[in-house]
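Report on the structure
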Amino acid sequence: MFWDFHIKYIRANFASTRMLAPSGDAQVSESAYTVDSPQRLTTGKSYEESALTSSVVETRINRNSPDYEINTRRMIDLVAEIKNQEIEIQQGGGEKAIEAQHKKGRLTARERIAKLIDPHTPFFELGIYAAHEMYQEWGGAPAAGTVTGLARICGRLVMIVANDATVKAGAFFPLTAKKVIRAQNISIDNHIPTIYLVDSAGVFLPLQEDVFPDTDDFGRVFRNNAVMSAMGIPQITAIMGMCVAGGAYLPVMCDHILMTDGSGLFLAGPALVQAAIGQKVSAEELGGAKMHAEISGTVDFREPDDDSCLQRIRALVDKMGHPPTARFDYKDSDNPAYPPEEIYGIFSSDPARQYDMREVIARIVDSSKFEEYRAESGKTLVCGYARIGGWAVGIVANNKKHVPTIDAATGEKRIEFGGVIYTESAEKAARFIMDCNQNLVPLIFLHDVNGFMVGKEAEWSGIIRAGAKMVNAVSNSVVPKIAVICGGSFGAGHYAMCGKAYDPRFIFAWPTARYAVMSGDSAAATLVEIKIKQLEREGKKLSDADKKELKESIRATYEHQTDPRYAAARLWVDAIIDPAQTREALIWALEAAALNPEFKEFKTGVLQT
């Protein structure tokens, strides 16, 4: 992950301001959206009125408000917690395992990556939380025993997949295979050159039944190698340790194979060979670098050590041809007009509080310019065009501000609740998504959604039909889609906002992300009611204390499962990102997507109109 110094900056900044007592109001006060800087002029217009006259989002936040400070403090604590956990995960198998790797004359996976990528450039790590809190009966598997992410080598964007030999000798757990496959799928979708740094003992045998046979298991890795090669996606493999059994196919199915002295490449190691056919042979004679360079002719480059091998990879990447340019638009990039750290104070993960997503967007997009689409309709979803890092994008974002509106059928005034998708919101989003596909504009989805509106009025308005139209447009979209789960992402709202099942090129989450079929409180209330009725049918009756204890137990379990780390452990999200670095994460994703200029024909099939 690429974390910056801004956490210290925020802490120092707040240390110098007076501390305010928390507000007892359940809603964000209007003072939280009063401009407190002479550089940020306000016209007194609504966001919708401002959108009619200017592309620049006019901020209305008040950095001295109690709500802003409460939000900031909570986000800082969450970001710091995530960062500290990531540092622990980066230790892999621990100090003794790292020392053992060094005694073999080998670098660790992260040391290799640091030497491989361009100096003073970041490594955008993906899947660091893979297998988090899993496989505890086997001592755990930090980061699933492999490191994946995006980086630059000789100025070129590449995907790196590196086995971490400090974690069970780099053996493949079930999540290891899935993590490597996810990295390959990102490379396939975006045509990213891929570098494999192999140092693995092969399948983790106690769990072989969950690693070996299925479409998202070990064998899919080699299938993807073949598919990527056929697609012309460059692949380079460096064998920098053990590469045995089925895993031996990975390097041989890539474009270039490098191997360091002291490494081993064989279908069966010396012990298995002796057991199978009674032949005694040393590891070096059986499958060492010298043998594969001189006799079998399997490796293209034999290198004496890790350092020379990494330099050779850089030399090969430097000679690669250049792919066709992306078909979506790019201009020189401009920074947002407002500091990205202000997202900390703007965003509220409290479901009872409001905030305006346009304020978040203004701190992500170039020059804080946002061309809002149908600003006066379907206001619980914000849609519009902008640029991020110079790339043209369309943004679909849930808005958590309650908005007054007029019922189209009755003409009566009513309030639409922020974070809920109504019929007119879904209709607007579906049309906007189709427009972006028509004009080859990548789509960014910012989630904070409770779901679709329910009730008689919603059903009469055709909410199912409108929601189906939005889901259809998302499902058949051919432009790159990138999702960021900022807050809640519940139920069918998660699907309509391009959840994992809808093939986003990348899906990120903030530390405040929560997603499941419904919120923890709603799930607890529903499940408790079901349990009570079940017990009543059996002639039993729960006391109020029993009901409360049952509800708290269910809610605690549900809350744990909706934590973004739980999702990241299972690869439902690619990375948990610092909200203040959302722009940087999106730029990485957009630059990766730009490597693939190919688009299928956009078709939606039947739409229920």
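These numbers come from a predicted model, not from an experiment. (Residues numbered from 1 in each chain as written. Predicted model: local features only at pLDDT ≥ 70, side-chain atom pairs only at ≥ 80, totals over all residues. Heavy atoms only, no water.)

Summarising the element assignment, D199 is placed in strand β4 (residues 194-200). Sequence separation of D199 and V244 is 45 residues, and the distance between their C-alpha atoms is 9.4 Å. If near-sequence neighbours (up to four positions away) are discounted, D199 is found in contact with Q101, R106, R112, N163, A165, A169, G170, M240, G241 and M242. Here the side chain of D199 touches R112 through a polar contact of 3.2 Å, side chain to side chain. (Helix = DSSP H or I, 4+ residues; strand = E, 2+ residues; numbered from the N terminus. Contact = heavy atoms within 4.5 Å. Polar contact = N/O pair within 3.5 Å; in protein donor to acceptor, adjacent residues only side chain to side chain.)

What follows concerns the state of the cysteines. All chains considered together, the criterion is met by zero disulfides. Note on C436: no disulfide assigned, nearest cysteine sulfur contributed by C383 at a separation of 8.3 Å. With relative accessibility at 0%, the residue C436 sits in the buried group. (Disulfide = S-S within 2.5 Å. Buried < 20%, exposed > 50% of the residue type's maximum accessible area, 1.4 Å probe, protein only.)

Take the environment of D503 next. Position of D503 relative to the elements: it lies in the loop between α18 (491-496) and β18 (506-509). In this structure D503 comes out as exposed when scored by relative accessible area, which is 61%. With 314 residues separating them in the primary sequence, D503 and D189 have C-alpha atoms 9.6 Å apart.

To continue, consider the packing of aromatic side chains. One pass over the full model with this rule turns up 16 aromatic pairs. Positioned above the aromatic ring of W460, the side-chain terminus of K456 is 5.0 Å from the ring centre. In this structure, R570 is placed above the aromatic ring of Y566, and the distance from its NZ or CZ to the ring centre is 3.5 Å. (Phe/Tyr/Trp six-rings, centres within 6.5 Å; stacked < 30°, edge-to-face > 60°. Lys NZ or Arg CZ within 6 Å of the ring centre and 35° of its normal.)

Among the seven residues that make up strand β15 (residues 443-449), seven are buried, leaving the element largely enclosed by the rest of the structure. Judged by which residues are buried, β15 turns out to be covered on both faces: L443, F445, H447 and V449 on one side and I444, L446 and D448 on the other are all buried. Pairing between strand β11 (residues 391-398) and β15: four bridges, direction parallel. What sits directly across from V396, in β15, is F445. In terms of strand pairing, β15 meets strand β17 (residues 481-490) through six bridges, oriented parallel. In the sheet register, H447 faces β17, and the bridge partner there is I485. (Pairing = 2+ DSSP bridges.)

The biggest cluster of nonpolar side chains holds 125 residues, and the ones touching the most others in it are L150, I395, V396 and F508. For this core, the element with the highest residue contribution is helix α22 (residues 582-593), accounting for eight residues. Excluding anything up to four places from it in sequence, I395 contacts I361, V365, F370, V382, C383, G384, A386, F432, I444 and L446. L107, I117, A238 and C309 belong to the second largest nonpolar core, which has 24 residues in total. (Core = buried A, V, L, I, M, F, W, Y, C linked by side-chain atoms within 4.5 Å.)

What follows concerns unusual backbone geometry. Both trends apply: most residues other than glycine have a negative phi, and most peptide bonds are in trans. In this structure, Y135 is a non-glycine residue whose phi angle is positive, near 55°. Of note, Y135 is situated in the loop between β1 (124-126) and β2 (146-153). Given the relative accessible area of 12%, Y135 is considered buried. Phi angles above zero are rare outside glycine, and A169 is one such case at about 60°. Tracing the chain through its elements places A169 in the loop between β3 (156-163) and α6 (174-190). Among the residues examined, A169 registers a relative accessible area of 41% and is labelled partly exposed.

Geometric values such as these leave the question of function open.
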